[in-house]
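# Observations on chain architecture
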Amino acid sequence: MKDIKLKDKIAQGINDLFYIWKREFQTTFRDQGVLIFFILVPLGYPLLYSFIYDNEVVREVPAVVVDDSHSSLSREYLRKVDATPDIQIVSYCADMEEAKQMLKNRNAYGIIYIPSDFSDNIAKGKQTQVSIYCDMSGLLYYKSMLIANTAVSLDMNQDIKIARSGNTTDRQDEITAYPIEYEEISIFNPTAGFAAFLIPAVLVLIIQQTLLLGIGLAAGTARENNRFKDLVPINRHYNGTLRIVLGKGLSYFLVYILVSFYVLYIVPRLFSLNQIGQPGSLVLFVVPYLAACIFFAMTTSIAIRNRETCMLIFVFTSVPLLFISGISWPGAAIPPFWKYVSYIFPSTFGINGFVKINNMGATLSEVAFEYKALWLQAGVYFLTTCWVYRWQILMSRKHAIERYKELKEKENLSKQIND
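This is a predicted model, so every value here is computed, not measured. (Residues numbered from 1 in each chain as written. Predicted model: local features only at pLDDT ≥ 70, side-chain atom pairs only at ≥ 80, totals over all residues. Heavy atoms only, no water.)

## A closer look at the pattern of salt bridges
- Tallied over the entire structure, the rule returns 9 salt bridges.
- Here Arg243 and Asp16 are joined by a salt bridge, their closest N and O atoms 2.5 Å apart. Here Arg243, found in helix H9 (residues 241-270), pairs with Asp16, found in helix H1 (residues 6-30); they are 227 residues apart in sequence, far enough to count as distant.
- Across the pair Arg106 and Asp135 runs a salt bridge, and its minimum N-O distance is 2.7 Å. Separated by 29 residues along the polypeptide, Arg106 in the loop between helix H4 (96-104) and strand E3 (110-114) and Asp135 in the loop between strand E4 (131-134) and helix H6 (139-165) bring together distant segments of the chain. (Salt bridge = Lys/Arg side-chain N within 4 Å of Asp/Glu carboxyl O. Helix = DSSP H or I, 4+ residues; strand = E, 2+ residues; numbered from the N terminus.)

This is the structure in structure tokens:
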């Protein structure tokens, strides 16, 4: 070995790297379990989530009414509420008990209550009120109820103020109705929809989770097929840490370049989701995210002892990771402990950076924190992966030597018996 030149060692290492890459690539497409997590799940899950939330907002939420006023003004109010796209009045109840029972039976998700003095107070120039009660098991029901009733009350307030003012010109009536004119603009989410808000984060998370499951499944399979239950086989091509890590990593990276293009670019276009980011910035951002996810998955795969373990360990983490990423719940409101925990996972920086670039039109310089954090994670997890596989190489050698000694002792013992 001492006579081997440096360039020959480098050439051997490169040959072994591509041997490992080729073998891992073949394993990916021969193992049905890995193929499901690497190909079928990224192809199907984004479509499933996008189809579910394709309507963007909840429309025609069933509501019931308790009208104790029984006046023309209350009927006008309810008629306008029912005409909005957000609410559909399905029943008029005699009292609140009947209305509550309909909510319990899930026949409606909200109650509109108009008090008996509703019309009288308006006629006397007093302030009146309309009460809404909503099933808070779904916040979107509450949103629809509140938006519809607020819009109708503002519209009727306008007519009441104009009627009382006695103005004669349209311009005076306009100023009376809106002393301060306002305009509502939904930035980065023009439809104010749920899909445009949630789906981009889910798409980024799918990449990390499928890599964790696929690489974990491949690691479990490798251990099951190994005589000593080691991650690294006894093979002359697997005789170096860098060639193993880079060979496996390159295989996963090439597969997920195509998967990422489909998940992060094709799927949003299919469902007309907001995409205003520069393609170059997205590509440069996705590269460190994929590297961090791959090396993170390869590091964690050390804990996988069989094929089923990865599903028990990784599947349940999807929802918590979405929560602590700062997308579904404001990052400023997340407790410091969980914020620091979230920094362990590439998805935290990947989700926030991707949403800023893709949905808000940010540049790489504007997501410098997330971009640098992903490169740092990629470097740290590359080192931990090298350490893990170096340890596995030493363990496989140790087990092979022990087995060799055991066989040698048996051979010597049999010779002694025969003699």
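There is more to say, and it comes next.
## Here's the deal with the sheet that holds strand E2 (residues 87-92)
- Judged by pairing direction, the sheet is mixed, and its 4 strands sit side by side in the order E2-E1-E3-E4 without closing on themselves. Each edge of the sheet is formed by a strand with only one pairing partner; in this case those strands are E2 and E4. When the angles between neighbouring strand axes are averaged without regard to direction, this sheet yields 30°.
- Bridge count for E3 against E4 is 4 bridges, and the pairing is antiparallel. Counted as the bridge partner of Tyr113 is Ser131 from E4.
- Lying over the sheet, H4 contacts strand E1 (61-67), E2, E3 and E4, oriented at roughly 165° with respect to E3. (Pairing = 2+ DSSP bridges. Axes fitted to C-alpha atoms, helices over the stretch in contact; angles between N-to-C directions. Contact = heavy atoms within 4.5 Å.)

## Considerations on the confidence of the model for the protein chain
- Scored by pLDDT, the protein chain comes out at a mean of 87, with 98% of its residues at no less than 70.
- Mean pLDDT across the secondary structure elements of the protein chain bottoms out at helix H7 (residues 170-177), with 71, and peaks at helix H10 (residues 279-300), with 95. (pLDDT = per-residue confidence, 0-100.)

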